[in-house]
Amino acid sequence: MSSTTTTAQAATGTRAGGKGAGYAAIAGGAASAVAGAMQAVRTDDGNPIVGASEHVILTLIAAALVLWMPGYLALGRASGRLGRIGGITVVVGTGLLALGMTSTNLHDQDYSWFPVVAAPANLAWLVGSVLLAVATFRTGALPRTLAVCLPLIWLTSIILSQLGGNLLAGAGWAVIGWVLTVNARQGGR
């Protein structure tokens with residue numbers, strides 16, 4: 001076997017893949033994009049009681065967060081120890097946020113404990129995204145431009161959410177999901 005073939009096989013082995021994770025990421029991307037489009041055209045009334053459109057938005061975003069989890073974990077598995085730590089950290093943060101959003105949705109307003117959970121959950125999501133971005137960038141588990149996008153997904157989903165930022169986050173995850181699916185078809189994990 002030539003060294004070129006061995007190098008190509010080694011590179012293929014480090015790419016993130018998983019059809020299930022890819023399809024879930026694409027579905028989560030679609031849910032996030034729809035929520036982002038709704039947020040972009042919606043005016044915030046400042047009322048703490050959840051309205052009809054907010055129920056739909058909360059449901060879509062919570063679903064997106066849950067659907068992105070397999071993708072975060074697949075990327076973590078494919079990018080070494082730092083990636084695994086980052087992936088697990090992100091999943092803890094997004095899981096807590098999905099739980100908080102779902103409870104708000106069912107209760108028609110935030111519970112008093114929500115801000116106490118939301119702050120560390122957002123921090124876990126951000127820190128985990130940065131760790132995962134560094135790991136996927138270094139290992140080539142994702143194309144470098146997509147690796148850099150991982151923390152930007154947090155930024156668009158949280159900081160820019162009321163301006164429709166989830167539309168961008170959804171587009172990002174749709175592309176990442178496509179990469180995960182293609183890698184799985186080509187013999188990646």
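Reading the values: rules and limits
Residues numbered from 1 in each chain as written. Predicted model: local features only at pLDDT ≥ 70, side-chain atom pairs only at ≥ 80, totals over all residues. Heavy atoms only, no water. Phe/Tyr/Trp six-rings, centres within 6.5 Å; stacked < 30°, edge-to-face > 60°. Helix = DSSP H or I, 4+ residues; strand = E, 2+ residues; numbered from the N terminus. Buried < 20%, exposed > 50% of the residue type's maximum accessible area, 1.4 Å probe, protein only. Lys NZ or Arg CZ within 6 Å of the ring centre and 35° of its normal. Contact = heavy atoms within 4.5 Å. Expected span 1.5 Å × (residues − 1). Bend = angle between axes of the 7 residues up to and from the residue. Axes fitted to C-alpha atoms, helices over the stretch in contact; angles between N-to-C directions. Left-handed = near helix turned anticlockwise from the far one by under 90°. pLDDT = per-residue confidence, 0-100. Salt bridge = Lys/Arg side-chain N within 4 Å of Asp/Glu carboxyl O. Patch = residues over 30% accessible without salt bridge, like charges linked within 9 Å, V, L, I, M, F, W, Y side chains within 5 Å. Areas by Shrake-Rupley, 256 points an atom, 1.4 Å probe, with all protein chains shown as cover. Polar contact = N/O pair within 3.5 Å; in protein donor to acceptor, adjacent residues only side chain to side chain.

### Side note on the packing of aromatic side chains
Then step 1. Scanning the entire structure with this criterion turns up four aromatic pairs.
Then step 2. Seen from their ring centres, Trp68 and Trp125 are 6.4 Å apart, and the 50° between their planes marks the pair as tilted. Of this pair, Trp68 sits in helix α3 (residues 52-77) while Trp125 is found in helix α5 (residues 114-139), placing the two residues 57 residues apart along the sequence.
Then step 3. You can call Trp125 buried: its relative accessible area is 1%.
Then step 4. With centroids separated by 5.7 Å and ring planes inclined at 10°, the aromatic side chains of Tyr111 and Trp113 adopt a geometry described as stacked.
Then step 5. Taking relative accessible area as the criterion, Tyr111 reaches 33% and is therefore assigned partly exposed.
Then step 6. Residue classification places Trp113 among the partly exposed residues on the basis of a relative accessible area of 34%.
Then step 7. Linked through ring pairs, Trp68, Tyr72, Trp125 and Trp173 together constitute an aromatic cluster.
Then step 8. The cationic tip of Arg144 hangs over the ring face of Phe137; the distance from NZ or CZ to the ring centre is 4.2 Å.

### What about the environment of Leu150?
Then step 1. Positionally, Leu150 belongs in helix α6 (residues 144-158).
Then step 2. A relative accessible area of 0% places Leu150 in the buried class.
Then step 3. When the C-alpha positions of Leu150 and Thr136 are compared, they lie 9.5 Å apart, and in sequence the two are 14 residues distant.
Then step 4. Ignoring any residue separated from it by four or fewer positions in sequence, one finds Leu150 in contact with Tyr72, Leu75, Ser129, Leu132, Ala133, Thr136, Leu142, Trp173 and Ile176.

### Overview of unusual backbone geometry
Then step 1. Not every positive phi belongs to a glycine, and Asp108 is a case in point at roughly 70°.
Then step 2. Here Asp108 is to be found in the loop between α4 (80-107) and α5.

### Focus: α3
Then step 1. End to end, α3 covers 39 Å across 26 residues, agreeing with the expected 38 Å (1.5 Å per residue, within 8%).
Then step 2. The sharpest bend along α3 reaches about 30° and sits at Met69, with the proline Pro70 one to four residues further on.

### Section: the packing of α3 against helix α7 (residues 165-185)
Then step 1. Two elements in contact, α3 and α7, have axes whose closest approach is 11 Å; the angle formed by their N-to-C orientations is 35°. Handedness of the crossing formed by α3 with α7: left-handed. Judged by residue contacts, Ile61, Trp68, Gly71, Tyr72, Ala74 and Leu75 of α3 engage Asn166, Ala169, Trp173, Ile176 and Leu180 from α7.

### A look at the confidence of the model for the protein
Then step 1. Here the protein averages 87 in pLDDT, and 87% of its residues register 70 or above.
Then step 2. Here helix α1 (residues 3-14) stands out as the element of the protein with the lowest mean pLDDT, 37, in contrast to α5, whose mean of 96 is the highest.
Then step 3. For the stretch residues 1-13, pLDDT sits under 50, and the model shows four contacts to residues farther than four places along the chain or on other chains.

### Details of the pattern of salt bridges
Then step 1. This structure, assessed with the given rule, holds one salt bridge.
Then step 2. Between Arg42 and Glu54 there is a salt bridge whose closest N-O contact spans 2.6 Å. A residue pair is termed long-range when its members are at least 10 positions apart, and Arg42 in the loop between α2 (19-41) and α3 and Glu54 in helix α3 qualify at 12 residues.

### Description of a nonpolar patch on the surface
Then step 1. Residues Phe137, Val148, Leu152, Leu155, Ile159, Leu160 and Leu163 make up a contiguous nonpolar surface patch of roughly 610 Å² in combined accessible area.
Then step 2. Assignment of secondary structure puts Val148 in helix α6.
Then step 3. Val148 gets classed as partly exposed once you look at its relative accessible area, which sits at 46%.

### A closer look at the side chain of Arg42
Then step 1. Here the side chain of Arg42 touches Ser53 through a polar contact of 3.3 Å, side chain to side chain.
Then step 2. Reaching out from Arg42, the side chain makes a polar contact with the side chain of Glu54 at a distance of 2.6 Å.
Then step 3. Other than its neighbours up to four places away in sequence, Arg42 contacts Ser53, Glu54, Ile57 and Gln162.

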